[in-house]
Amino acid sequence: MKKLKDIALGIITAIGGFIDAGAIVSSSQAGAQFRFSLLWVVVLSFFTITLYVEMAARVAISTRRALFDAVRERLGFRIALLPLVTICLVNWLTIAAEIAGMAYALQMLTGWSYLAWAIPVTLLLWLILWKASFSLVENGSSLLGLFILVFVWSAFALHPPWHEIAGTMWKPDAHGQGFALYGYSALALIGAYASPYQMLFYSSGAIEEEWDESYRWPNRIIAFVGNLFGACVAAAIIIVGAMVLNPHGVKVEQFSGASLGPNLALGAKGLWLFVAGLFFCSMAAGLETALSGSYAVAEYFGWHWKKDEPPARSALFHLAYMGFLIASAGLVLTTLDPIKVTETAMVFNAILLPFTLIPLMLVAGDKRYARPPLTNGRFARIAGWALAALLTIAAPIGIVLYFVTGGGG
Amino acid sequence: MDTLYELMDQGIVDPNGERCGRVDDLEIEEGFDRAPRVTAILSGGGAKSRHMWRQVNRLSVWLHHVLGWKGEVAPARIPWEEVEKLDQDVHIRVSAGAAGLDRLNRSAAERIVKHIPGAGS
């Protein structure tokens, strides 16, 4: 019974991991600019994130160590420092994007500038991390994030042209906007759906909740079904963007641009459900990203950490997420365009993804760490290295595209 | 030497089962007519940074002081006799507190975290 509850809650959390502020913006933009021709990225990202989060938790079950604990042991202090620094960098950007998402939702609700909301929402994130239990952080906010299902409702209300979608979703088509922007948008989507923080959070969560070998199959079910639902929501956002924004030539230059789809499809209730969905999805992702950054740093240095103990027992762990929150709020308060910050965060998530994937593959394939039968099997080994190689090749191209397109134009 | 290599970066676990640090450095006694012998494990307190660039070490020392570390920043030293067993981790016979392994954590708790309401003791 406990496992069934864990599976149900885990699936909801996985949906929350797939959809955050960055995913909402990038998917709406992708639909607006390229109609259905970037839907294949959702499928690719689904396979990528499912494969690696399942692997990260499997390593945790086998070694009783969270991801960065094993990475530091396997790669040593100096080499493991590289993935740590990259994780900290992308988490900083991603938390800033989530703070911007929450603040913008409140701007849409109240009319007050998102800048006025940046500090209150950061304090809210801190308060939840400080006071709430791990399971509340993990499940509570993701449950509230289900408001974002408004996009699925909107998509069905718009009666999508399924035949056209099936025919065009696999064909790269820049729709006259240039393949540089098309490639850049594809990369932003991968970063939005498959962020390193998801693997870190899921793996450390397996340690927090003391998963043992009996969780081998629940882990697979949660990773597969949760991300499948998440991918369906992501596809719905692109479809709504393609059907509502594209015909009017609307570009998503503000978070409110992404709200036009639900608003036009469902009326006022669509708009308010969007606002709630944006706020809670960003909140869930902000909490998970801040915690995952803390986990990575604490695991790397070997500090004591346990979310459900009084903060004074794991002082350095708690100070680490406070540091991330302060730095990210500072970035939002610089008045940099929040959509630019969000898109940049997503692209850097994708560019720096190999720095998490390659150490994970090394640990999961090493029988001294992930003991059989929990070590990588043939499928995980081949698919894992193939995807890691693909993303490693895409990373330098992504850097070039970032400059060529001026960060998405 | 393989054993020494394997020991580096391993997690340290105290008798309460608490993960409380990493093997950051080793003290080794070299003999004329015998193989090198580990005499102690060093952990935290700039054990790594003191072998890195001077600026990195200075930054590390500064951060220790900011986090409430009083006095000279130096690693915790666990004599080899206090090592109970080696498996995937290094299990020690003394508690983390007695070994000085959680000194930075305790310093940060005293200086900063305990002043925030709800931090516990």
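Here the structure is shown first, and the text comes after it.
Residues numbered from 1 in each chain as written. Chains lettered and ligands numbered in written order. Predicted model: local features only at pLDDT ≥ 70, side-chain atom pairs only at ≥ 80, totals over all residues. Heavy atoms only, no water.

On to the overall build of chain A, then. When its secondary structure is counted, chain A shows 17 helices and zero strands. The C-alpha atoms of chain A give 20 Å as radius of gyration, which agrees with the globular expectation for 409 residues (22 Å, within 12%). With respect to the principal axes defined by its C-alpha atoms, chain A has extents near 55 × 45 × 45 Å. The buried share of chain A, reckoned over its 409 residues, is 63%. Excluding contacts between residues fewer than 6 apart, the proportion of contacts in chain A whose partners are at least 24 apart in sequence is 86%. Carbon and sulfur atoms make up 72% of the accessible area of chain A, which totals about 14,300 Å². Averaging the coordinates of the 25 positive side-chain charges in chain A and doing the same for the 22 negative ones gives two points 6 Å apart. (Helix = DSSP H or I, 4+ residues; strand = E, 2+ residues; numbered from the N terminus. Rg over C-alpha atoms; globule rule 2.2 N^0.38 Å. Buried < 20%, exposed > 50% of the residue type's maximum accessible area, 1.4 Å probe, protein only. Contact = heavy atoms within 4.5 Å. Areas by Shrake-Rupley, 256 points an atom, 1.4 Å probe, with all protein chains shown as cover. Lys, Arg positive; Asp, Glu negative; His and termini not counted. Charge placed at Lys NZ, Arg CZ, Asp CG, Glu CD.)

When you go through chain B residue by residue, the secondary structure sums to four helices and seven strands. When its helices and strands are written in sequence order, chain B yields α-β-β-β-β-α-β-β-β-α-α. Across its three principal directions, the C-alpha atoms of chain B cover 55 × 35 × 20 Å. In chain B, which comprises 121 residues, the share counted as buried stands at 44%.

Two orientations exist for strands paired in a sheet by backbone hydrogen bonds: parallel and antiparallel. Read from one edge of the open sheet, four strands run 2-1-7-6 (chain B), paired in mixed fashion. Of all strands in the sheet, those bounded by a partner on one side alone are strand 2 (19-22) and strand 6 (83-86) of chain B. Across the sheet, the axes of successive neighbouring strands diverge by a mean angle of 30°, strand direction being ignored. Strand contacts of helix 4 (residues 67-110) of chain A: strand 1 (11-13) and strand 2 of chain B, with the helix running at about 30° to strand 2 of chain B, the strand carrying the most contacts. (Pairing = 2+ DSSP bridges. Axes fitted to C-alpha atoms, helices over the stretch in contact; angles between N-to-C directions.)

A separate point is the sheet that holds strand 4 (residues 37-43) of chain B. Residues and elements named next belong to chain B. The strand order across the open sheet built from three strands is 3-4-5, with neighbouring strands paired in antiparallel fashion. Both edges of this open sheet fall to strand 3 (25-29) and strand 5 (76-79), since each of them pairs with a single strand only. Within this sheet the neighbouring strands show an average axis-to-axis angle of 30°, counted without direction. Alignment of strand 4 against strand 5, held across four bridges, turns out to be antiparallel. Across the sheet, residue Leu-42 finds its bridge partner in strand 5, namely Arg-77.

This part is about the side chain of B:Asp14. Among the structural elements, B:Asp14 can be located in the loop between strand 1 and strand 2. Put simply, B:Asp14 is tucked away with no salt bridge, and the nearest opposite charge, on A:Arg313, sits 7.9 Å away. A polar side-chain atom of B:Asp14 sits 2.9 Å from the main-chain amide nitrogen of B:Asn16. (Salt bridge = Lys/Arg side-chain N within 4 Å of Asp/Glu carboxyl O. Polar contact = N/O pair within 3.5 Å; in protein donor to acceptor, adjacent residues only side chain to side chain.)

The subject of this paragraph is the pattern of salt bridges. Taken as a whole and assessed by the stated rule, the structure comprises 24 salt bridges over all chains. For A:Arg313, the salt bridge goes to B:Glu18, with nearest N and O atoms at 3.0 Å. Here A:Arg313, found in the loop between helix 13 (268-301) and helix 14 (315-333), pairs with B:Glu18, found in the loop between strand 1 and strand 2, and the two come from separate chains. Residue class for A:Arg313 comes out partly exposed when judged on its relative accessible area of 33%.

Right, let's get into helix 15 (residues 338-351) of chain A. Residue and element names in this part refer to chain A. End to end, helix 15 covers 20 Å across 14 residues, agreeing with the expected 20 Å (1.5 Å per residue, within 8%). Along helix 15, twelve of the 14 residues are buried, which leaves the element largely enclosed by surrounding structure. Among all positions in helix 15, only Pro-338, Ile-339, Val-341, Thr-342, Glu-343, Thr-344, Ala-345, Met-346, Val-347, Asn-349, Ala-350 and Ile-351 are buried. (Expected span 1.5 Å × (residues − 1).)

Here we come to the interface of chain B and chain A. The partner chain A presents 28 residues to the 30 residues of chain B that form the contact. Both sides of the chain B and chain A interface together cover about 2,300 Å² of buried area, and 51% of this is carbon and sulfur. Counting the surface chain B buries against chain A, the share from its top three residues, B:Arg22, B:Gln88 and B:Asn105, is 27%. Taken together, chain B and chain A are joined by eight salt bridges. When the shortest N-O distance is used, the salt bridge between A:Glu73 and B:Arg19 registers 4.0 Å. Here chain B is connected to chain A by 15 residue pairs in polar contact (both at pLDDT 80 or more). Elements with a contribution of two residues or more to the side of chain B that touches chain A: strand 2 and helix 4 (103-111) of chain B. Grouping the constituent residues of the side of chain B that touches chain A by class yields twelve nonpolar, nine polar and nine charged. (Buried area = accessible area lost by both parts, 1.4 Å probe. Nonpolar A, V, L, I, M, F, W, Y, C, P; charged D, E, K, R; others polar.)

This part covers the environment of A:Gly384. All names here are of chain A. Within the fold, Gly-384 resides in helix 17 (residues 378-404). Sequence spacing of Gly-384 and Met-361 is 23 residues, and the spatial spacing of their C-alpha atoms is 6.9 Å. Those residues in contact with Gly-384 that lie beyond four places of it in its chain are Leu-51, Tyr-52, Met-361 and Phe-379.

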